[in-house]
Every structure is written in structure tokens, then in C-alpha cells.
Amino acid sequence: MKLTLHHVNLCTENVDRMDGFYRDVLGLERESHGLPVLEKDKGYSGDVAFVTDGRIQTHLARRDVLAGFATGQVVNPVARGHIAYRTDDLAAFKAHLEAKGVPYSDWGHAAVAGWHQIFFFDPDGNVIEVHEVTEAATD
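This section reports on the structure supplied with the text. (Residues numbered from 1 in each chain as written. Predicted model: local features only at pLDDT ≥ 70, side-chain atom pairs only at ≥ 80, totals over all residues. Heavy atoms only, no water.)

### Some words on the sheet that holds strand β5 (residues 57-62)
Put simply, the rule reads: What makes two strands pair is DSSP finding at least two bridges between them. What counts as a helix is a DSSP run of H or I of at least four residues, what counts as a strand is a run of E of at least two, and both are numbered from the N terminus. Contacts are assigned to residue pairs with any non-hydrogen atoms lying within 4.5 Å of each other. An axis is simply a line fitted to the C-alpha atoms; with a helix, the fit covers only the stretch in contact. Between two such axes, the angle follows the N-to-C directions and lies from 0 to 180 degrees.
Taken together, 8 strands build an open sheet; the order of strands is β2-β4-β5-β1-β6-β10-β9-β7 and the sheet is mixed. Edge positions in the open sheet fall to β2 (29-30) and β7 (105-108), since each of these has one partner strand only. By the bridge criterion, 3 bridges tie β7 to strand β9 (residues 115-121) in an arrangement that is antiparallel. What sits directly across from Gly 108, in β9, is Gln 117. Along the sheet face, helix α3 (residues 90-100) touches β1 (3-12), β6 (82-87), β7, β9 and β10 (127-133) and points at about 15 degrees away from the line of β9.

Take a look at the structure:
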């Protein structure tokens, strides 16, 4: 089971303003490939802008403090944002979390088609995503 940093998700009330800041001030580029297919009818319908430094994506998402309720999940990754890692074996990673006594919310494919996502908290309450590409996705 290997983990690699995939993206950082920042939540905002104004996606366009954040997109402009990260592109104009930080010089990031709009991401044009490997973008997730958002499942806007399954619990999170917010707008998202995608920018990159050429290696790691930054997802600039509209804040939705009710997305956890809409999906029946405890952990809400679009209330305050999260850091995301990609794995090649999500089942093994979930077993690892269970062995360590770390509870997680299994969002399945509720937010992104082709990505099986889980979310959990670090000791300070920061949200962490781990996902595996499970279906034909663009990345």
C-alpha cells in the first residue's frame, strides 16, 4: 500500500476570487487533465476550480458545511478543506486505520466518479482524504 500526495483542497465562499489569487499571485496554472468527475447530484454540488504547480493539484471548492449531512457521513471534507493522498490499495489502508483505531467516513463514490474516497481526522482535527482510482477516470 503506497500513499502519494495528490491534492490540497481549500474551501471558500468565492471560488472565482480564490482561483484568481492562486493563478495570479502564486503563478499556478489551471489544471486541464486528470480532473475528477464531480457527482453533483450525490451530496456535494459546489463549484470547484482546479490549479496546479505541475505536480500537485490544488482544489478550490465552494464551502458546504452541510455536505456531511447530505451524504450521511460524519467527516465533511468541504467544510474546512483537506489534504488528499492517493493509494493503490484502499482496502489495505482501511484495514491499517482500523488496526490503529482510527475511525473514518467512507464516502465511496458519492463525491467523485471513479474515486473511492475515505476521510478521517488527524489528532488536531484536520481532515485527511485517502482515495483509490477504481473505475475509468481521467487520472
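There's more to say after this.
### Comments concerning the packing of aromatic side chains
The test is simple: Any pair of Phe, Tyr and Trp rings, taking the six-membered ring for Trp, is counted once the centres come within 6.5 Å. Such a pair is stacked with planes under 30 degrees apart, edge-to-face with planes over 60 apart, and tilted for the rest. Partly exposed describes any residue whose relative accessible area lies between the buried limit of under 20% and the exposed limit of over 50%, with all areas from a 1.4 Å probe on protein chains only and scaled to the type maximum.
In total, this model carries 3 aromatic pairs according to the counting rule given. With centroids separated by 5.3 Å and ring planes inclined at 75 degrees, the aromatic side chains of Phe 21 and Tyr 22 adopt a geometry described as edge-to-face. The buried category is assigned to Tyr 22, whose relative accessible area is 16%. Pairing Phe 93 with Phe 120 gives two aromatic rings, centres 6.1 Å apart and planes at 35 degrees, and the pair type is tilted. With a gap of 27 residues between them, Phe 93 in helix α3 and Phe 120 in strand β9 connect regions that are remote in the sequence. Each member of the pair Phe 93 and Phe 120 is classed as buried.

### Focus: a nonpolar patch on the surface
Short version of the rule: Only residues whose relative accessible area exceeds 30% and that form no salt bridge are eligible for patches; like-charged ones are grouped when within 9 Å, while nonpolar side chains (Val, Leu, Ile, Met, Phe, Trp, Tyr) are grouped when within 5 Å. Per-residue and other accessible areas follow the Shrake-Rupley method at a 1.4 Å probe size, with only the shown protein chains counted as cover for residues. For salt bridges, the criterion is a side-chain nitrogen of Lys or Arg within 4 Å of an Asp or Glu carboxyl oxygen.
Taken together, Phe 21, Val 25 and Leu 26 make up a surface patch of nonpolar side chains, about 290 Å² in accessible area. Within the secondary structure layout, Phe 21 lies in helix α1 (residues 15-24).

### Describing the nonpolar core
Selection criterion: Side-chain atoms within 4.5 Å link the members of a nonpolar core, which is a set of buried Ala, Val, Leu, Ile, Met, Phe, Trp, Tyr and Cys residues.
Ranked by size, the top nonpolar core spans 13 residues in total, and within it Tyr 44, Ala 67, Val 78, Trp 107 and Phe 119 carry the most contacts. Contact partners of Trp 107, with chain neighbours within four places excluded, come to Ala 67, Gly 68, Thr 71, Gln 73, Val 75, Asn 76, Pro 77, Gln 117 and Phe 119.

### Some thoughts on the pairing of β1
Inspection of the sheet shows β1 paired to β6 by 6 bridges, in the antiparallel sense. The residue bridging Val 8 from the neighbouring strand is Ile 83, located in β6.

### A word on the side chain of Asp 64
The condition that has to hold: Positive charges come from Lys and Arg, negative ones from Asp and Glu, while His and the chain ends are left out of the count. What qualifies as a polar contact is a pair of N or O atoms within 3.5 Å, subject to a donor-acceptor requirement within protein and to the restriction that residues adjacent in sequence count only when both atoms come from side chains.
Here Asp 64 is to be found in the loop between β5 and α2 (67-71). The side chain of Asp 64 sits in the buried core without any salt bridge; Arg 62 is the nearest counter-charge, 4.4 Å away. Within the structure, the side chain of Asp 64 is placed 3.3 Å from the backbone nitrogen of Ala 67, a separation counted as a polar contact.

### Comments concerning the pattern of salt bridges
Taken as a whole and judged by the stated rule, the model has 4 salt bridges. Note that Arg 63 and Glu 13 form a salt bridge whose closest N and O atoms lie 3.2 Å from each other. In this pair, Arg 63 is assigned in the loop between β5 and α2 and Glu 13 in the loop between β1 and α1, connecting sequence segments 50 residues apart. Taking the relative accessible area as the measure of exposure, Glu 13 reaches 62% and is therefore exposed. Ionic pairing is found between Arg 23 and Asp 19, a salt bridge with its closest N-O pair at 3.2 Å. Of this pair, Arg 23 and Asp 19 both sit in helix α1, 4 residues apart, roughly one helical turn. On the basis of relative accessible area, Asp 19 is assigned to the buried category, the value being 6%. It is possible to trace a salt-bridge network through shared partners that takes in Asp 19, Arg 23 and Arg 30.

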